[in-house]
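Chain and residue survey
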Amino acid sequence: MNKLYCLPLGETMRGKFIEDAKQFAYGQALFVVPGHVLMDEVKKTGSVRTVIMDYLPNELLRANNLESYTRISRPAQEMVIKQIIKDLAAKGELVYFSKLADKKGFIKNMVSFIGELSRGGITCEELYAALQAWERPSYLRAKDFEVYNIYQLYRQELKKQNKYDVDGLYRLAIKTLQAEACVVPWEKLYFSEFYQFDNLQIELLKALSKHCTIAVGLFYDAARPELSVATENAYVDFMGMGFTKQLVQEFSPRAEGLEHFTRNWQNTAASVGSATGISVFEAYSVDNEMRGVLGKIKKQLQAGVSCRDIICIVRSMEEYNGFSNLFKEFGIPTTLPEVTGFSAQPLAKFIGKIMKSAASGYQIDVWKELLDDVFMDKIFGIDHEKLEESYNEKYFATPKALQVFAEDMFPQSKMGELFTFIASLKGTNTPADFANSLLLAMDSWSLETVYGEAYKAGNITLAQLKAVVTTKNMVEEIFSEMVAAFEQSGQGKQKRPISEFLEFWEEQAKEKIITLTPGDKNGVKVVEASTIQGILVPYVYMLGMREGQFPKVKFENWIYNDQERKALNELGVTLPLTADTMKIDQYFFASVTAMAQKALTFSYYSDDVAAASCYLQELQQYYPKEALTPIFSTTDVKQCFSADELIGILAQQEKLADTEEAWLTNKVGNDFGARKALDKSRWSENAIFNGYLGQKRQCKYLSASALDNYVQCPFNYMVTNVWQTRPWEPLEKETQPAVIGDLYHLSLAKFLNKHLEENIGNANNAALLAELMHDLSAAYEELIAKGLISESEFSKYEYKRYQKVLEKWLLTEQAYQAQQKINLLPKYLELAFGREGSKLPGLSIYIDEEETIFSGQIDRVDTDGNKYMLTDYKSGLVPSGKAVALGKSLQLPVYILAMENLLSVPQEQILGAGYYALKSYKRVGGLWENSFKEDLPWLYNTRPNDLTWVMEKAQKSIAKGIRGIRNSVFPANPAEKCPSYCPCKDICRYRVSDGMQDVGEEGEDNV
Ligand code: SF4
C-alpha cells in the first residue's frame, strides 16, 4: 500500500524508512532524497541504495534497454533555442521580441521559461489551447504566440534529432511505465525530505505506484496552514493518487525554547514560551559575523563537543566567500572545500586571451594583453614585463607591427609560432576542429614538465603546480563539453565562428571552481538552507539572518510576470508565482531552525544597508521580551580563538607585557612598531612621510620648468624630478598631449624661422597658410618617423584639428602684427640657455651664497630692436593670472631674468612676457609693463599683471623654491587645484587627506 506520512515540523521518516528498507535485498528498495547533502546522510547508514530524483527516469530507461537516447545539456538547449530565435527573426516571424532576438539575456530567460513549461508538464497543445482562450490585446497575443512558436519548434527539433532534455527523459520514462512489459527494478521506493514535486515528477510517481510500493515522508500540518502552503501541492497530489495518509505525532526531544519553536511557529494558536537554547549574535560585517560564529564553535570544540554535532547553515554560500579560509585560520575542520575560481587561474586567462585574439582580428589591445601574459615567458620565450614596458614608448597600430617589434626584441622567442597558430584558428572551424587545435597546442607546451621543473627549482609552490595541472584538466573538460553541446544541438558538423566558441568558453569558465583542498567529511558541516532538512543536530548556527539574505526573494522569469502567470494558471498552465517562492523560503527557515536540538544561534551583520531579518523580528512574538536581545562581537582577548585575531587585538594595545610583545614581534616582524606609527606620522607636519625628508641636497642645476613644477606641487617635483619616475602609461592610438605640443612647437618654429624680423601682418594669408601647412606636414612626418605619432583610424581627424589650430593661429598672429603700435617681430626662436649644446650659458642665481644655475628654453623673443617681449606657447592649460601674480608660476620670470643676464637686455627694455594659448588662438596672461598697454592689441581691455611687482614677488618665490629643494621639503601641497593628469595622483595622499579637486582637463605640454 502506498503511504503518505504527514509529519510535524522538524520531524523525519528517514530513520524508520531505513529500518523498513532492510527487509529488502540491497537494490530492491530505493531511497530517494532531494539533494546530495541528504544523500550522504542516508548513505552513511550503508543499508539502502540512495539516489536523487533525476536518477529515477534514467535508471528506468536503462532497465528497459532504452538507454540509446541522447541527453541534451543546458548549453546545448541554449544553442538550439538561440538558433530557433535567430531563424524566426530572419524570417520576420518575431515582432514582439524582435529587438531582443540577439540578446544573450533574453535567450537565457527563454530557455529557463521553456524549462518551467516542461517541468510543469505542459504540452505544446495545452499551451496553445490556453493561449487561444486567453483574452489579450493583440500586441500581447503576438508575444504569446511567439513564445508558443519557440516552445513548439524546440520540441520538434529535439524530436527530429532524437534528443532528450531532462524533462523529455521523464516523459519517456512515464511512457515506458505505461507499457505492459515494463521492467521496474524496485519493490519499494522511499521518498524523504522533499517539500515539493513538479508535475512531471508527480506523473512519474503516479506511473511508478502501479508497479511498486511507495512511501513518502512529507511535512504537512493542517493546523499550520501558513507553513504548510509550501508542501500543500504535494500533499494534494498524493492524496489524489490514492495514497493512504498517516499522521505522525511524535516530537524529537529538544531544548525548551527550540521545542517551543517547532510546536508553535506559525501555528494558529501560538503562545509565548521559554527561549532556552536560542541566542542571537549581531556582527558589524560579514567577516566579523563569520569570525564571531567560529569563535563560538571553537569554544564548544574545546569544551569537548564533536564537529559532527555542529552545523552552520546559510541561505546562499555566495554571501560567505572565504568561510573555508576562516575555518582554516581558526583550526576547525569543515566539510567546506578550499576552492578558487577557474577563470582567475593564469592558464585559463591565457587560453581566453588566445581565443580573444583569434576572434578579434585586428584589435591591437587584445593582442597586447595576450603578449603581456606571464605564460609568454615560459612557453614562448619572451620577457613579458620588458615587452609591456615598450607599450609606454611606442604605439602599435596593428598586431603585425607588434609581432615584428617583439620578434626583433626577442629574436630567440617562438613568437612566430604563436602568431601562426592563432592565424590557423581564425576563420571558421567545426567545434571539434577548433577544440582539437587548441588542446594539441596546449599539449605541445608541456606544461607539466615546464612547471614541474619550475617547482623543482623552487620557483613556484606545490599549490601553484597543482593549480596549473588542475586548470589544464579543466580546460580539456570545457572543450569537451563545448564539442558535446554543439553536437547535441545539431551544430557539431557545422563550421561556426570563433566568437561562439569564445562565448561558450567565457560562460563556462566563470562557473567552474577549482578545489584546492577537499572538505573534511568529519568536519563541521556548512550547508545552504535549501539543501537540507529533516536532520537533527545538537548545535545549529544560522548565519545571514539579515534583510535581503534570508528571506531571499526570487523573482520569477520576466517572460511572463506574476499577473500573467496568475492568468495562465487559471487557464491550466501551471507556473510558479513570486509569492510561492516566499512561502518556500519561509518553509526553509522553519525546517532548518527545527533542526536544532540543544542550541540554536542566529547570526547576522548590521550596517547602513540592512539589519536583522524579518524572521527574527517575527520570532520575538513567541518568546518573552528581551529574551532574544542580540549579543555583540567582542575584542576580549579571552574570547579570541585565532592567531590572526589575537594579532589584531594585541596590535591595538598601547602597551604589552614582554611575553605578548615577543609573540607579536615574532608574528608581525620587528618593524611592526614603526609601521604602526606610520599612519600617524604620515599626517604630521614636517614628518618624513609627509614629504619632509630632512636631508640637505644639492641644487646646483635647475631647469625653469622643474622649479615651476616644485612651486606647483613639491610632491610632484620629488616624484618626477628627484626620483625621476615616469608614469606607467601605455601609449594609446590617440596622440599624446605632449606630442601634440611638440608638433605645434616644431611647425611654428619651422614657419617663423623663415619670417624672422618680418612683419607678416598684411601679407597674403593664403600663401602663408600654404607654407604653414607644409611645415605642419613636415613636422608631422618627423614625429611619425620617431614613432611618436602612429597612423590610425583617428589620425586623419586629429590632423584636421592641428590644421585648424594653426590656421587660426596664423590669422591671429597676422592681426596682432598688423595692429600693434610697437613693431615687435620674432627675433629668437627656441632660445635655449644652460642646456647641452645651447649657445647661451646657464642663468646663475645666488641664494644664501650658494649658486644655482638655471637652464631653459624661451619659445619666442620678439623685438623692435629696442623693446623686447617673450612668448611661451601653451597648447593646454595656461597658468592663471593669479598664479603668476602670486609667484606660483615662475617660468616667465626666470626667462625674463635670463634675458637680462644672458643677453644683457636691461629690464626697462623688456615690455613683458606672456602666453600664447593655442586652444583659444590668442595671447593671454603673463606680466607686462603697464605703460605700454595701449600699444599691444592683446592687452586691450585687460588688467595685466604688473611686470615690476610680479618680478619682485617671483624672486622671493624662486629663493623659497630653491631653499625648499635644498632642504628636501616635498609635501603634497598643490598651488592650485590638482590637475587630473598629474602623474603622481595614484601615489599622492593629498586626495585622501583633503579631497582632490580635478580641474579635469588633459594638458598638452607647453611648446
Ligand atoms: S595630485 Fe595634487 S597634491 Fe598630489 S602630487 Fe599631484 S598636484 Fe601634488
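Quick summary incoming for the structure in this document. (Residues numbered from 1 in each chain as written. Predicted model: local features only at pLDDT ≥ 70, side-chain atom pairs only at ≥ 80, totals over all residues. Heavy atoms only, no water.)

The helix and strand inventory of the protein stands at 38 helices and 24 strands. Expected size for 1007 residues packed as a compact globule is a radius of gyration near 30 Å; at 39 Å, the protein overshoots this value by more than 25%. Taken along the three principal axes of its C-alpha coordinates, the protein extends 120 × 80 × 65 Å. Here the protein, with 1007 residues, has 51% of them falling under the buried criterion. In the protein, once contacts between residues fewer than 6 apart in sequence are set aside, the share between residues at least 24 apart is 75%. With the model as given, the accessible surface of the protein reaches about 47500 Å², and the carbon-plus-sulfur share is 50%. When the 112 positive and 131 negative side-chain charges of the protein are each reduced to one mean point, those points stand 2 Å apart. (Helix = DSSP H or I, 4+ residues; strand = E, 2+ residues; numbered from the N terminus. Rg over C-alpha atoms; globule rule 2.2 N^0.38 Å. Buried < 20%, exposed > 50% of the residue type's maximum accessible area, 1.4 Å probe, protein only. Contact = heavy atoms within 4.5 Å. Areas by Shrake-Rupley, 256 points an atom, 1.4 Å probe, with all protein chains shown as cover. Lys, Arg positive; Asp, Glu negative; His and termini not counted. Charge placed at Lys NZ, Arg CZ, Asp CG, Glu CD.)

This part is about the packing of aromatic side chains. Applying the stated criterion across every chain yields a total of 58 aromatic pairs. Plain terms: the ring middles of Tyr-320 and Phe-323 are 6.2 Å apart, the flat faces sit at 50 degrees to each other, and that makes the pair tilted. Overall, Tyr-320 belongs to the buried group, its relative accessible area being 2%. Here the aromatic rings of Trp-809 and Tyr-916 are separated by 6.2 Å at their centres, their planes lie at 45 degrees, and the arrangement is tilted. One end of the pair, Trp-809, is in helix α34 (residues 795–819); the other, Tyr-916, is in strand β22 (residues 910–917), with 107 residues separating them in the sequence. On the basis of relative accessible area, Trp-809 is assigned to the buried category, the value being 0%. Judged by its relative accessible area of 0%, Tyr-916 falls in the buried class. Members of the aromatic cluster, each reached through a chain of ring pairs, are Phe-261, Trp-265, Phe-550, Phe-589, Phe-602, Tyr-615 and Tyr-622. Geometry around Phe-281 places Lys-296 over its ring, the cationic atom sitting 4.7 Å from the centre. If you follow Lys-368 out to its NZ or CZ, it ends over the ring of Tyr-391, 5.0 Å from the centre. (Phe/Tyr/Trp six-rings, centres within 6.5 Å; stacked < 30°, edge-to-face > 60°. Lys NZ or Arg CZ within 6 Å of the ring centre and 35° of its normal.)

On the basis of which strands lie adjacent, the open sheet formed by six strands has the order β3-β2-β6-β7-β1-β8 and parallel pairing. Each edge of the open sheet carries a strand with a single partner, namely β3 (49–52) and β8 (244–247). Averaged over all pairs of adjacent strands, the angle between their axes in this sheet comes to 20 degrees, without regard to strand direction. Contacts between helix α2 (residues 36–43) and the sheet are confined to β2 (29–33) and β3, with β3 contributing the most and set at about 175 degrees to the helix. Its contacts with the sheet put helix α10 (residues 225–240) on β1 (3–7), β7 (213–219) and β8, and the angle it makes with β7 is roughly 160 degrees. (Pairing = 2+ DSSP bridges. Axes fitted to C-alpha atoms, helices over the stretch in contact; angles between N-to-C directions.)

Taken together, eleven residues form the shell around the ligand, and within it Cys-713, Cys-978, Cys-982, Cys-988 and Tyr-990 come nearest. Of the residues belonging to the shell around the ligand, the class tally is ten nonpolar, one polar and no charged. (Near = heavy atom within 4 Å. Nonpolar A, V, L, I, M, F, W, Y, C, P; charged D, E, K, R; others polar.)

With 16 residues, α10 ought to run about 22 Å at 1.5 Å a step, yet its terminal C-alpha atoms sit only 19 Å apart, falling short of that. The largest bend along α10 reaches roughly 65 degrees and is located at Thr-231. Those residues of α10 that are buried lie in contact with β1, α9 (199–208), β7, β8 and α25 (578–593). Backbone geometry just downstream of α10 places Gly-242 in the positive-phi region, at approximately 85 degrees. (Expected span 1.5 Å × (residues − 1). Bend = angle between axes of the 7 residues up to and from the residue.)

Before going further, it helps to examine the sheet that holds strand β9 (residues 278–283). Taken together, the six strands give an open sheet; going across it, the order is β13-β10-β14-β15-β9-β16, and neighbouring strands pair in parallel fashion. Across the chains shown, the open sheet's two edge strands, defined by having one partner strand only, are β13 (525–528) and β16 (631–632). Pairing geometry for strand β14 (residues 537–542) and strand β15 (residues 596–605), over five bridges, is parallel. Paired with Met-542 across the bridge in β15 is Phe-602. Running at roughly 80 degrees to β15, helix α11 (residues 256–264) makes contact with β9 and β15 of the sheet. Along the sheet face, α25 touches β10 (310–314), β14 and β15 and points at about 130 degrees away from the line of β15.

Right, let's talk about the pairing of β10 for a bit. A regular strand places its side chains so that they alternate between the two faces of the sheet. Within β10, five of the five residues are buried, which leaves it mostly tucked inside the rest of the structure. Of the two faces of β10, the one lined by Ile-310, Cys-312 and Val-314 and the one lined by Ile-311 and Ile-313 are each fully buried. Pairing analysis gives four bridges linking β10 to β14, with the strands arranged parallel. Each residue of the ladder has a partner; that of Ile-310, found in β14, is Tyr-539. Across four bridges, β10 lies against β13 in parallel orientation. Bridge pairing in β13 links Val-314 to Glu-528.

This paragraph deals with the side chain of Thr-593. Mapping Thr-593 onto the fold places it in helix α25. A relative accessible area of 3% means that Thr-593 is categorised as buried. When neighbours within four sequence positions are excluded, Thr-593 is seen to be in contact with Phe-261, Met-542, Leu-600 and Phe-602.

One pass over the structure, following the stated rule, counts 49 salt bridges. The closest approach of N and O atoms between Arg-254 and Glu-11, which form a salt bridge, is 3.2 Å. Note that Arg-254 is positioned in the loop between β8 and α11 and Glu-11 in the loop between β1 and α1 (14–21), a separation of 243 residues in sequence. Judged by its relative accessible area of 9%, Arg-254 is buried. Note that Arg-966 and Glu-850 form a salt bridge whose closest N and O atoms lie 3.7 Å from each other. In this pair, Arg-966 is assigned in helix α37 (residues 947–966) and Glu-850 in strand β20 (residues 850–863), connecting sequence segments 116 residues apart. The class for Arg-966 is buried, based on a relative accessible area of 6%. Here the salt bridges share partners, and the residues they tie into one network are Arg-74, Glu-78, Lys-108 and Glu-507. (Salt bridge = Lys/Arg side-chain N within 4 Å of Asp/Glu carboxyl O.)

A few words on the nonpolar core. Counting residues in each nonpolar core, the largest one holds 95 residues, and the members touching the most others are Met-110, Ile-351, Ile-354, Leu-371, Trp-445, Phe-479 and Trp-505. The element that contributes the greatest number of residues to this core is helix α22 (residues 462–488), accounting for ten residues. Residues Leu-7, Ala-215, Ala-255 and Phe-588 belong to the second largest nonpolar core, which totals 59 residues. (Core = buried A, V, L, I, M, F, W, Y, C linked by side-chain atoms within 4.5 Å.)

Turning our attention to a negative patch on the surface. Taken together, the side chains of Asp-365, Glu-369, Glu-729, Glu-732, Glu-734 and Glu-793 define an acidic patch exposed on the protein surface. By secondary structure assignment, the location of Glu-734 is in the loop between α31 (714–722) and α32 (737–753). With a relative accessible area of 36%, Glu-734 lands in the partly exposed category. (Patch = residues over 30% accessible without salt bridge, like charges linked within 9 Å, V, L, I, M, F, W, Y side chains within 5 Å.)

Let us look at the state of the cysteines. Within this structure, the stated rule accounts for zero disulfides. In this structure Cys-312 is a free cysteine whose sulfur lies 10 Å from that of Cys-307, the closest cysteine sulfur available. (Disulfide = S-S within 2.5 Å.)

With that settled, the discussion passes to the packing of helix α3 (residues 55–63) against helix α8 (residues 166–178). Between two packed helices, what matters for the description is the angle formed by their axes and the separation of those axes. Put simply, α3 and α8 touch, their axes get as near as 9 Å, and they point 50 degrees apart. Looking at the two axes, α3 sits oblique to α8. Once α3 is placed against α8, the crossing between them reads as left-handed. On α8, the residues touching Pro-57, Asn-58, Leu-60 and Leu-61 of α3 are Leu-169, Tyr-170, Leu-172, Ala-173, Thr-176 and Leu-177. Looking at the contact of α3 with α8 residue by residue, the classes come out as eight nonpolar, two polar and no charged. (Parallel < 35°, antiparallel > 145°, perpendicular 65-115°, else oblique. Left-handed = near helix turned anticlockwise from the far one by under 90°.)

Any functional reading would require information beyond the geometric quantities listed.
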